[in-house]
Amino acid sequence: MEATEKDILRGGQFLVKETKCEDVFTPEDFSEEQKMMKEAVMEFNDREIIPHKPRFEAKDFALTEEVMRKAGELGFLGVAVPEAYGGLGMGFVSTCLTCDYISSGTGSFSTAFGAHTGIGTMPITLYGTEEQKQKYVPKLATGEWFGAYCLTEPGAGSDANSGKTTAELSADGKTYKINGQKMWISNAGFCSLMIVFARIEDDKNITGFIVENDAANGITMGEEEHKLGIRASSTRQVFFNDTVVPVENMLAGRGEGFKIAMNALNVGRIKLAAACLDSQRRILSIAVNYANERKQFKTPIADFGAIKTKLAEMAASAYAGESATYRAAKNIEDRIALREAAGNSHQEAELKGVEEYAIECSILKVAVSEDVQNCADEGIQIFGGMGFSEETPMESAWRDARIARIYEGTNEINRMLSVGMLVKKAMKGHVDLLGPAQAVQEELMGIPSFDTPDYSELFSEEKEMIKKLKKTFLMVAGGAVQKYGPQLEDHQQLLIAAADILIEIYMAESAILRTEKNVKRYGEDAQSAQIAMAKLYLYHAVDIVEEKGKESIISFAEGDEQRMMLMGLKRFTKYVNYPDIVDLRIEIAEKVKAENKYCF
Ligand SMILES: Cc1cc2nc3c(=O)[nH]c(=O)nc-3n(C[C@H](O)[C@H](O)[C@H](O)COP(=O)(O)OP(=O)(O)OC[C@H]3O[C@@H](n4cnc5c(N)ncnc54)[C@H](O)[C@@H]3O)c2cc1C
């Protein structure tokens, strides 16, 4: 069924509007076409990537390029590219699904794939002129050419708009000459095309250019970087020395580069979250397989409560990650469709559709990149000494996972961005935070209800808890905005604490809504482990919200106000019936053990 404007929340609105479970998309809603895509990508991963893992770990860069080319031949590089430019023109959910299931074999390929299809191609599909798209996108969509994205410089990392690379217009006005140094450039070693950001004269903002890779045109590469993980992903410095670029290769307009860079990253962030999902599933499947086999004290280690805890927590975080990623992906897809129906070009619609959910993209990037790292860490622990050995896949999974917290904007930057963007949206009137924040303040001053609610219906208490966590965010962020106004951005610890609250709300709510939807379809018995995972995830979320809320309130409020807010926090983070998380973990672990894999 086509979604209508009223069914789809705007970006960030999840915080102030209740979402019905029928209105969230879940992995169980994949269409036949999406299921076929998933199968095809999984089969590719099983055939072309996983068996060659040792070669990737031995820095076989040529193999990465070869597998990328094969992915191109099968159309996987063009999933998101419109058919008019040689792609498959599939929707945003299919794009995320491809990133998800192609990425678990090795972070080396996953990074090459993500850099090429995301930041290497998207700037042209989103901002290119018709001529630029006709000329370059079909080559990128099929893997005839590979793309790279040159934003970072030695002195310009998180502060991406501060780059020193210059672009100087020639006297005849026909070309720009680019000079400068870029670093940490993924795919540099085998790319044919680069999206390069440079500054024209003293412009406030950088400008984007499409630059063909040609050694004869003043482009040289540094040696391959020796990295902790993603070892066969090509990462080099790129030097531009009087590189001549025709004026028609400028992307969008002069000074538009920073906007392009940021929007390309928005798309990249949700895709990166997707790209961490199947790694989590695989890690858990391999870990439970080992735990079922490995015996100590004459007992399979999977039977020990200590190991069950790990299996259950790994499963719950992967489940929440899937739930939130596909929920947001479908919101983006629907928003794009709505904008197209309203007369926007596909290009405009896609740009605005993704921009709308930039908050969710940042939330997902942070949450899932940290979950996959934790998952790999526990994977090593389940393998014991063998986990520390290069002979088992846990060691490389752990090393590969680490980069996801750094690129596409570090997790610190993304945490601050998520809250910063939300406050900006509220100020522009796009999301009404003020009204709900005032209502929370009034509630704090009123007399709490002492009625005992009826929580017998499935998830009624959990859904009430989510509402209370949202109130906590409004109380904390609202209080901080009131106290510091525009200077809030100087209070990074507060912003980061608020972001942690925001992240937990989105992830926990997504897991609950997915499960509620599936219970209605498949019944409670069939979903009992999923119910347990949603409850377990929420329990931890509540703890984090309480901790982060407390430190925030103490830092910006004093005296009676502080006391009132801390009492509010206590009320908003209190269960009437605490879930027995020991039992929940056992239920989840038993299911995973019995199936011998991640099975949700
Ligand atoms: C393997 C790899 C591949 C990469 N691929 C690409 C690519 O293809 N193209 C590309 O352009 N770039 C790429 N990058 C670069 C990557 O995007 C940057 O490393 C990242 O944005 C961080 O920049 P930085 O390394 O300069 O760290 P810095 O910006 O120096 O940050 C260092 C630390 O300070 C923190 N910090 C920085 N500023 C602030 C602030 N204002 N407030 C609070 N904390 C702050 C950061 O969060 C971080 O913890 C890649 C990097 C790696 C390692």
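Residues numbered from 1 in each chain as written. Predicted model: local features only at pLDDT ≥ 70, side-chain atom pairs only at ≥ 80, totals over all residues. Heavy atoms only, no water.

A. Just the overall build of the chain, in detail. Regarding its fold elements, the chain presents 19 helices and 10 strands. Considered along the principal axes of its C-alpha atoms, the chain spans approximately 80 × 60 × 45 Å. A burial count over the chain gives 57% of its 600 residues as buried. Residue pairs at least 24 apart in sequence account for 78% of intrachain contacts in the chain once pairs closer than 6 positions are excluded. Summing over all exposed atoms, the chain offers an accessible surface of approximately 25000 Å²; the carbon and sulfur share of this is 51%. Taken together, the 69 basic and 91 acidic charged side chains of the chain have centroids lying 1 Å from each other. (Helix = DSSP H or I, 4+ residues; strand = E, 2+ residues; numbered from the N terminus. Buried < 20%, exposed > 50% of the residue type's maximum accessible area, 1.4 Å probe, protein only. Contact = heavy atoms within 4.5 Å. Areas by Shrake-Rupley, 256 points an atom, 1.4 Å probe, with all protein chains shown as cover. Lys, Arg positive; Asp, Glu negative; His and termini not counted. Charge placed at Lys NZ, Arg CZ, Asp CG, Glu CD.)

B. A look at the site of the ligand. With respect to spatial proximity, 18 residues lie near the ligand, and among them Thr 152, Ser 158, Trp 184, Thr 410 and Glu 412 are the closest. Contacts to the ligand include Glu 412, whose side-chain N or O atom sits 2.7 Å from an oxygen atom. Against a free-state accessible area of 960 Å², the protein chains account for coverage of 67% of the ligand. Listed by contribution, the elements that provide at least two residues to the shell around the ligand are strand 3 (175-186) and helix 13 (411-428). Among the residues making up the shell around the ligand, the classes are represented as 10 nonpolar, 6 polar and 2 charged. (Near = heavy atom within 4 Å. Polar contact = N/O pair within 3.5 Å; in protein donor to acceptor, adjacent residues only side chain to side chain. Nonpolar A, V, L, I, M, F, W, Y, C, P; charged D, E, K, R; others polar.)

C. Region of interest: helix 14 (residues 434-445). In this model, helix 14 (12 residues) spans 17 Å end to end at C-alpha, consistent with the 16 Å of a helix rising 1.5 Å per residue. The elements touched by buried residues of helix 14 are helix 15 (460-484) and helix 18 (559-572). (Expected span 1.5 Å × (residues − 1).)

D. Region of interest: the packing of helix 9 (residues 305-341) against helix 16 (residues 492-522). Closest axis-to-axis distance for the helix 9/helix 16 pair is 8 Å, and the angle between their directions is 85°. Overall, the two elements helix 9 and helix 16 adopt an arrangement that is roughly perpendicular. In contact with Tyr 319, Ala 320, Gly 321, Glu 322, Ser 323, Ala 324, Arg 327, Ala 328 and Asn 331 of helix 9, helix 16 contributes Tyr 506, Met 507, Glu 509, Ser 510, Ala 511, Leu 513, Arg 514 and Thr 515. By residue class, the composition of the contact of helix 9 with helix 16 is 8 nonpolar, 5 polar and 4 charged. (Axes fitted to C-alpha atoms, helices over the stretch in contact; angles between N-to-C directions. Parallel < 35°, antiparallel > 145°, perpendicular 65-115°, else oblique.)

E. Spotlight on empty space enclosed by the protein. Enumeration according to the criterion identifies 3 cavities of 30 Å³ or more in this entry. If you add up the space inside the largest cavity, you get close to 280 Å³. In terms of lining, the largest cavity is formed by 25 residues, of which the most central are Ser 103, Gly 107, Ser 279, Ala 397 and Asp 400. For the lining of the largest cavity, the secondary-structure elements that each account for two or more residues are helix 5 (107-119), helix 8 (257-293) and helix 12 (393-401). It is helix 8 that contributes the most residues to the lining of the largest cavity, 7 residues altogether. Looking at the lining of the largest cavity residue by residue, the class counts come to 14 nonpolar, 8 polar and 3 charged. Reported here for the second largest cavity is a volume of approximately 70 Å³. (1 Å grid on protein atoms, 1.4 Å probe; cavity = no way out; pocket = protein on both sides within 12 Å on 5 of 7 lines; lining within 4 Å. Points joined across faces, edges and corners; volume = space filled by probe spheres on them.)

F. Focus on the packing of aromatic side chains. For the coordinates displayed, the defined rule picks out 15 aromatic pairs. Aromatic side chains Phe 44 and Phe 109 sit 6.3 Å apart centroid to centroid with 50° between the ring planes, which places their arrangement in the tilted category. Residue Phe 44 is found in helix 1 (residues 32-49), and its partner Phe 109 is found in helix 5; the two are separated by 65 residues along the sequence. For Phe 44, a relative accessible area of 0% gives the class buried. Here Phe 109 falls in the buried class, since its relative accessible area comes to 0%. (Phe/Tyr/Trp six-rings, centres within 6.5 Å; stacked < 30°, edge-to-face > 60°.)

G. Up close: a negative patch on the surface. Among the surface-exposed residues, Asp 543, Glu 546, Glu 547 and Glu 551 lie close enough to one another that they form a single negatively charged patch. Among the structural elements, Glu 551 can be located in helix 17 (residues 528-556). According to the relative accessible area criterion, Glu 551 is partly exposed, its value standing at 37%. (Patch = residues over 30% accessible without salt bridge, like charges linked within 9 Å, V, L, I, M, F, W, Y side chains within 5 Å. Salt bridge = Lys/Arg side-chain N within 4 Å of Asp/Glu carboxyl O.)

H. Inspection of helix 13 at higher detail. Helix length check: helix 13 (18 residues) gives 25 Å between terminal C-alpha atoms against 26 Å at 1.5 Å per residue, within 8%. For helix 13, the full list of buried residues reads Asn 411, Asn 414, Arg 415, Met 416, Ser 418, Val 419, Leu 422, Val 423 and Lys 425. Against the buried residues of helix 13 lie helix 8, helix 10 (346-356), helix 11 (358-383), helix 15 and helix 16. Backbone geometry just downstream of helix 13 places Gly 429 in the positive-phi region, at approximately 85°.

I. Highlighting the pattern of salt bridges. Under the definition given, this model contains 41 salt bridges. Among the charged side chains, a salt-bridge network with shared partners connects Glu 28, Asp 100, Asp 278, Arg 281, Glu 322 and Arg 514.

J. Main features of the pairing of strand 3. By the bridge criterion, 4 bridges tie strand 2 (residues 166-169) to strand 3 in an arrangement that is antiparallel. Along strand 3, the bridge assignment pairs Glu 168 with Lys 177. What sits between the antiparallel neighbours strand 2 and strand 3 is a turn of 5 residues, in which Gly 173 has the positive phi angle 75°. Bridging between strand 3 and strand 7 (residues 235-246) involves 9 bridges; their strand directions are antiparallel. From the neighbouring strand, Thr 175 faces strand 7, where its bridge partner is Pro 246. (Pairing = 2+ DSSP bridges.)

K. Structural context of the state of the cysteines. For the structure on display, the rule yields 0 disulfides. This cysteine, Cys 96, is not joined by any disulfide, and Cys 99 carries the nearest cysteine sulfur, 6.2 Å off. Note on Cys 96: relative accessible area 0%, which makes it buried. (Disulfide = S-S within 2.5 Å.)

L. Summary view of the pairing of strand 1 (residues 147-150). Neither face of strand 1 is open: one carries Gly 147 and Tyr 149, the other Ala 148 and Cys 150, and all of them are buried. As defined by bridge partners, strand 1 adjoins strand 4 (residues 193-200) across 4 bridges and the pair is classed as parallel. From the neighbouring strand, Tyr 149 faces strand 4, where its bridge partner is Ile 195.

M. Here's a closer look at the environment of Leu 140. Counting through the fold element by element, Leu 140 comes out in helix 7 (residues 130-142). Leu 140 sits 24 residues away from His 116 along the chain, and the two C-alpha atoms are 8.0 Å apart. Sequence-distant contacts of Leu 140, defined by excluding residues within four places in its chain, comprise Leu 77, His 116, Gly 120, Thr 121, Ile 124, Trp 145, Phe 146, Gly 147 and Leu 193.

N. Representation of unusual backbone geometry. Its identity as a non-glycine residue notwithstanding, Glu 408 has a phi of 60°, on the positive side. Mapped onto the fold, Glu 408 is located in the loop between helix 12 and helix 13.

O. How the structure looks around the packing of helix 9 against helix 10. Running from N to C, helix 9 and helix 10 cross one another at 140°; their axes reach a closest spacing of 8 Å. What the angle tells us is that helix 9 and helix 10 run oblique. In the packing of helix 9 onto helix 10, the handedness of the crossing is right-handed. Of the residues in helix 10, those in contact with Ile 332, Arg 335, Ile 336, Arg 339 and Glu 340 of helix 9 are His 346, Ala 349, Glu 350, Lys 352, Gly 353, Val 354 and Glu 356. Broken down by class, the residue content of the contact of helix 9 with helix 10 amounts to 4 nonpolar, 2 polar and 6 charged. (Left-handed = near helix turned anticlockwise from the far one by under 90°.)

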